[in-house]
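Close look at the chain arrangement
Below, each chain spelled out in residue letters.
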Amino acid sequence: MEKYVINGGNKLYGSVEIQTAKNSVLPILAGTVLTDDKVKILNVPNITDAKNMVKILTKLGCKSVLSGDDLIVDSSHADCYEIPRELAHELRSSVFLLGSIISRFHMAKIAYPGGCDIGLRPVDLHLTGLKRLGVEITEENGYIICKCDKLKGNEIMLDCPSVGATENIMLAAVKAEGTTVIKNSAREPEIEDLQRFLNCMGAKVRGAGTGTIVIDGVKTLKGCEYLPISDRIEAGTFLIAGAMCGGEIELKRAYAENISSLLHKLRENGCKIHLNNDKIILENHRRLTSVKSIETQPYPGFPTDLQAQITALCCICKGQSIITENLFETRFKYVPELRKMGADITVINRNAFVRGVERLNGATVVAHDLRGGAALVSAGLCAEGRSEVLDISHIDRGYGSFEYKLRALGGDIVRVSV
Ligand code: UD1
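An account of the accompanying structure is given in this report. Quick caveat, the model's predicted, so the values are computed rather than measured. (Residues numbered from 1 in each chain as written. Predicted model: local features only at pLDDT ≥ 70, side-chain atom pairs only at ≥ 80, totals over all residues. Heavy atoms only, no water.)

Within the chain one finds 14 helices and 24 strands. Taking the principal axes of the C-alpha coordinates as reference, the chain spans close to 65 × 45 × 40 Å. Within the chain, the proportion of its 418 residues that are buried is 57%. Partitioning the contacts of the chain with sequence separation of at least 6, the portion at a separation of at least 24 is 73%. Roughly 16200 Å² of accessible area belongs to the chain as shown, and the carbon and sulfur atoms make up 48% of that amount. Charged side chains of the chain number 51 positive and 50 negative; the gap between the two group centres comes to 2 Å. (Helix = DSSP H or I, 4+ residues; strand = E, 2+ residues; numbered from the N terminus. Buried < 20%, exposed > 50% of the residue type's maximum accessible area, 1.4 Å probe, protein only. Contact = heavy atoms within 4.5 Å. Areas by Shrake-Rupley, 256 points an atom, 1.4 Å probe, with all protein chains shown as cover. Lys, Arg positive; Asp, Glu negative; His and termini not counted. Charge placed at Lys NZ, Arg CZ, Asp CG, Glu CD.)

Structure, rendered in structure tokens:
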């Protein structure tokens, strides 16, 4: 087990480069199973979710070689259609492999997925979508078992625009017979990225980024070299940390159009934000004013993956805020931890009512999930005195070299084994 020890109070100054998006890399890695050719993914982030995905690919019989930050996956000898419990539980995104595995083997057996404990996170939409493509699904001892003679394109209407279900259906449909239309599909930038990647392999996918995706099935896919988009959630996390600590930070490889909902709120708070091609510069030298309300929504609304971090920011703003979580019901687990640091927050159902305090004080807190953990680190960096953030393996799932990057900006944070 490891923890972060943070001495708060330093302003943040300097420049960091944003990593490749976790939520793009995971479905793209799942997509490498769809071809016998080698696929090279560039600039893969050093995060445990990606490493666990590679472990699962290895279990399926794929070979992978990391050369610097680039990963070459060779699926030509893939011969296993089962993801066992211990691997699936480490990574919720293992469910994204269902579509690829069924496309490749016409069989799949996968344990119910794990990942962040942030609510029920059902997979019913994934399964209903796959059934519409001709897959027969049964459940046995905590395993989802899928079989089909062949995948056949169909029209699929999602009850809600689930990111994972959209991606899973895309992966299953690219080599299905005929045309698949996904209606009410998710519109996240990572879905567009998956479309670009699949088309790079020779697939015929269009419409990603709108609410309707059309996929004309092709017989085979070929290898390619692909650089996924940058991580808008990591960028957002650094911007919020910069706003909380004060100073001036520059993010390289950061694209404003993908996080305009956050930039809008930060400007409302009183931050100065400058944009320059692929750079976002945030400047703040005073106590910020709270924004009245923030609600998480599917893209392009305010991302649930930045909810914990923006709530931490509201804790030290002048005034009161209401933060509403509309996607995941238990995504307020970090709140009791922030309270230990002096935050004034009350949670009622899906709403967090925050009264801003002048400053937070250092405390020992526990990271219960990935984004909540990142919020606690930002709080520690701006708090008065020393903080410890325990159980940081959750943070390692999605933030590569987090403490190195924060130290490069002037944050006093070290990783310590316990
Ligand atoms: C993805 C992201 C995660 C982000 C989330 C929402 C990845 C690896 N993870 O997760 O970081 O927080 O999008 O932006 O990309 N739902 C159902 N049935 C289903 C599937 C989902 O009811 O079968 C519901 C969920 O409970 C939730 C909502 O749909 O309320 C959105 O979930 P979804 O978009 O599927 O999130 P994930 O793909 O799991």
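This is not the end of the story, as more comes after the structure.
What follows covers the nonpolar core. Of all hydrophobic cores here, the largest spans 74 residues; its most connected members are L97, F197 and L198. Per-element accounting of this core gives the leading share, six residues, to helix α6 (residues 163-173). Formed by 71 residues, the second largest nonpolar core is a distinct cluster that contains L251, C271, A363 and L381. (Core = buried A, V, L, I, M, F, W, Y, C linked by side-chain atoms within 4.5 Å.)

Here we take up the site of the ligand. Neighbouring the ligand are 19 residues, the closest being D124, L125, S162, D305 and L327. A distance of 2.6 Å separates a nitrogen atom of the ligand from a polar side-chain atom of D124. Within the contact set of the ligand, an oxygen atom lies 2.7 Å away from a backbone nitrogen or oxygen of V163. Within the complex, 87% of the 740 Å² of free accessible area of the ligand lies under protein. Looking at the shell around the ligand, the elements that each hand over two or more residues are α5 (124-132) and α6. Per-element tally for the shell around the ligand: the top contributor is α5, with three residues. Tallied by class, residues from the shell around the ligand come to eight nonpolar, six polar and five charged. (Near = heavy atom within 4 Å. Polar contact = N/O pair within 3.5 Å; in protein donor to acceptor, adjacent residues only side chain to side chain. Nonpolar A, V, L, I, M, F, W, Y, C, P; charged D, E, K, R; others polar.)

Let us now look at the sheet that holds strand β8 (residues 136-140). One open sheet accounts for four strands, arranged β6-β7-β9-β8; its pairing is mixed. Two strands lie at the open edges of the sheet, namely β6 (82-83) and β8, each paired on one side alone. Relative to strand β9 (residues 143-147), β8 is paired through five bridges, and the arrangement is antiparallel. Its bridge partner being in β9, E139 is matched across the sheet by I144. Lying over the sheet, helix α4 (residues 97-105) contacts β6, β7 (107-111) and β9, oriented at roughly 150° with respect to β7. (Pairing = 2+ DSSP bridges. Axes fitted to C-alpha atoms, helices over the stretch in contact; angles between N-to-C directions.)

With that settled, the discussion passes to the packing of aromatic side chains. In total, this model carries five aromatic pairs according to the counting rule given. A centroid spacing of 6.4 Å and a plane angle of 55° characterise the contact between Y81 and F105, whose relative ring orientation is tilted. Of this pair, Y81 sits in the loop between β5 (70-74) and β6 while F105 sits in helix α4, placing them 24 residues apart in sequence. With relative accessibility at 22%, the residue F105 sits in the partly exposed group. When the ring of F238 is compared with that of F402, the centres are 5.8 Å apart and the planes differ by 70°; the resulting orientation is edge-to-face. One end of the pair, F238, is in helix α8 (residues 232-245); the other, F402, is in helix α14 (residues 402-408), with 164 residues separating them in the sequence. Accessibility assignment for this pair places F238 and F402 in one class, buried. Positioned above the aromatic ring of Y143 is the side chain of K109, whose terminal nitrogen or guanidinium carbon lies 4.8 Å from the ring centre. A cation over a ring is seen here: R407 above Y404, with NZ or CZ 5.1 Å from the ring centre. (Phe/Tyr/Trp six-rings, centres within 6.5 Å; stacked < 30°, edge-to-face > 60°. Lys NZ or Arg CZ within 6 Å of the ring centre and 35° of its normal.)

The pairing of β6 with β7 spans two bridges and is classified as parallel. Considered in β7, the bridge of I83 is made with I110. Both β7 and β9 contribute to a ladder of five bridges, which runs antiparallel. From the neighbouring strand, A111 faces β9, where its bridge partner is Y143.

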